[in-house]
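Tertiary structure, described
For reference, the chains in residue letters:
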Amino acid sequence: MSTEKPVTVPCLCRMKKEGRKIVVLTAYDYPFARLMDSCGIDVLLVGDSVGNAVLGYADTIPVTMEEMLHHVKAVSRAARRALVVADMPFMSYQAGRKQALENAGRFLKEGGAKAVKLEGGARAAETVAFLTSAGIPVMGHIGMTPQSVNVTGGYLRQGTSEEAAAALEEDARALEEAGAIAVVLELVSPPVAARVTGSLEIPTIGIGSGPDCDGQVLVMHDMLGMDEHFRPRHAKRYMELHALLREAFTAYAEDVRAGRFPSEEHS
Ligand code: KIV
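Procedures and definitions
- Residues numbered from 1 in each chain as written.
- Predicted model: local features only at pLDDT ≥ 70, side-chain atom pairs only at ≥ 80, totals over all residues.
- Heavy atoms only, no water.
- Helix = DSSP H or I, 4+ residues; strand = E, 2+ residues; numbered from the N terminus.
- Buried < 20%, exposed > 50% of the residue type's maximum accessible area, 1.4 Å probe, protein only.
- Contact = heavy atoms within 4.5 Å.
- Pairing = 2+ DSSP bridges.
- Right-handed = clockwise from strand over helix to strand, strands pointing away.
- Axes fitted to C-alpha atoms, helices over the stretch in contact; angles between N-to-C directions.
- Parallel < 35°, antiparallel > 145°, perpendicular 65-115°, else oblique.
- Left-handed = near helix turned anticlockwise from the far one by under 90°.
- Nonpolar A, V, L, I, M, F, W, Y, C, P; charged D, E, K, R; others polar.
- Near = heavy atom within 4 Å.
- Polar contact = N/O pair within 3.5 Å; in protein donor to acceptor, adjacent residues only side chain to side chain.
- Areas by Shrake-Rupley, 256 points an atom, 1.4 Å probe, with all protein chains shown as cover.

Some thoughts on the overall build of the chain
A count of helices and strands for the chain gives 11 helices and eight strands. Based on the C-alpha atoms only, the size of the chain along its principal axes is roughly 65 × 40 × 40 Å. Residues classed as buried in the chain amount to 49% of the 267 residues present. Long-range pairs, those at least 24 residues apart, make up 56% of the contacts in the chain between residues at least 6 apart in sequence.

Here's what the structure looks like:
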């Protein structure tokens, strides 16, 4: 049993103050979450990226509350030390604060998460304040927000003009004032991400936003090299898992067909 103290919401601000980087990975199931937790990953984000990474959807738009809850429960069962954050899927909070409260509440009550994440800056601030006042910690998410892909037309770098950079700073400030516990900065131009990070008391968690954020997040499948062809520029590959898995599956098929498995040892 781990003797390390669990990572709590106030720990995140403390880590920023003390200059300790916050390590975040997406997690979707029990065995991977268990391993990540035991390796000292600070935050397990059950992202709606589960839609692309695990469920075979083209984007995050179709992901439902029930699908998210299924994965949040599995990850929460695994977490001993890490803070579990549940991503609110498209159309689970945009219809108003009552809808947002009911769904966010389910992630804490049924899912076992300790916080939720939702996309949007100033426009989401009222929802963030409302959830926070109800006892639900909220992580913001600005920059490239995948749930808006049908508006933006693609997964594009954000904050590249002075005007866009100012809007991002304003969004981050609005989230902090609303009580957000941290803000994900996705595909934000690195100098702008550094500026936002320096202007906030709460931590920023970067993805494709340069080294100056207070923490970093990667999608688990991207850093493991699960997909041979999908190689986002921002995601460092720590292994080529697809190749190892292909080798294992092929060897098993060949063994069965050749009568090598089961051998005496496995009978
Ligand atoms: O859904 C997700 O995995 C995310 C991260 C990429 C930040 O939102």
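Picking up where we left off.
Describing the pairing of strand β1 (residues 22–26)
Of all five residues making up β1, four are buried, and the element is well covered by its neighbours. Where β1 and strand β8 (residues 215–218) come together, four bridges link them in parallel fashion. Looking across to β8, one finds that Val-24 is bridged to Val-217. Taken together, the three bridges between β1 and strand β2 (residues 43–46) define a ladder with parallel strand orientation. Its bridge partner being in β2, Val-24 is matched across the sheet by Val-43. In this view, the connection linking β1 to its parallel neighbour β2 by way of helix α2 (residues 30–38) has right-handed handedness.

Focus: the packing of helix α4 (residues 65–78) against helix α5 (residues 97–109)
Two elements in contact, α4 and α5, have axes separated by 10 Å at closest approach and are oriented at 20°. Relative to α5, the element α4 is oriented roughly parallel. The interaxial crossing formed by α4 with α5 has right-handed handedness. Of α5, the residues touching α4 (which contributes Met-65, Glu-66, Met-68, Leu-69 and Val-72) are Asn-103, Arg-106 and Phe-107. Residue composition of the contact of α4 with α5, by class: five nonpolar, one polar and two charged.

Regarding the pairing of strand β6 (residues 182–186)
Counting buried positions along β6 gives five out of five residues, so the element sits mostly inside the fold. Along β6, one buried face is formed by Ala-182, Val-184 and Glu-186 and the opposite face, lined by Val-183 and Leu-185, is buried too. Across five bridges, the pairing between strand β5 (residues 138–143) and β6 is parallel. Across the sheet, His-141 pairs through a bridge with Val-184, a residue of β6. Sheet topology places β6 next to strand β7 (residues 204–207); four bridges connect them, and they run parallel. The partner of Leu-185 across the bridge, within β7, is Gly-206. Handedness of the crossover joining β6 and β7 through helix α9 (residues 190–199) is recorded here as right-handed.

A look at the site of the ligand
Close to the ligand lie Thr-26, Leu-45, Gly-47, Asp-48, Ser-49, Asp-87, Lys-117, His-141, Val-184, Ile-207 and Val-219. The contact in question runs from an oxygen atom of the ligand to an N or O atom on the side chain of Lys-117, over 3.0 Å. Burial of the ligand by the surrounding chains reaches 96%, relative to a free accessible area of 260 Å². Residue classes in the shell around the ligand are distributed as four nonpolar, four polar and three charged.

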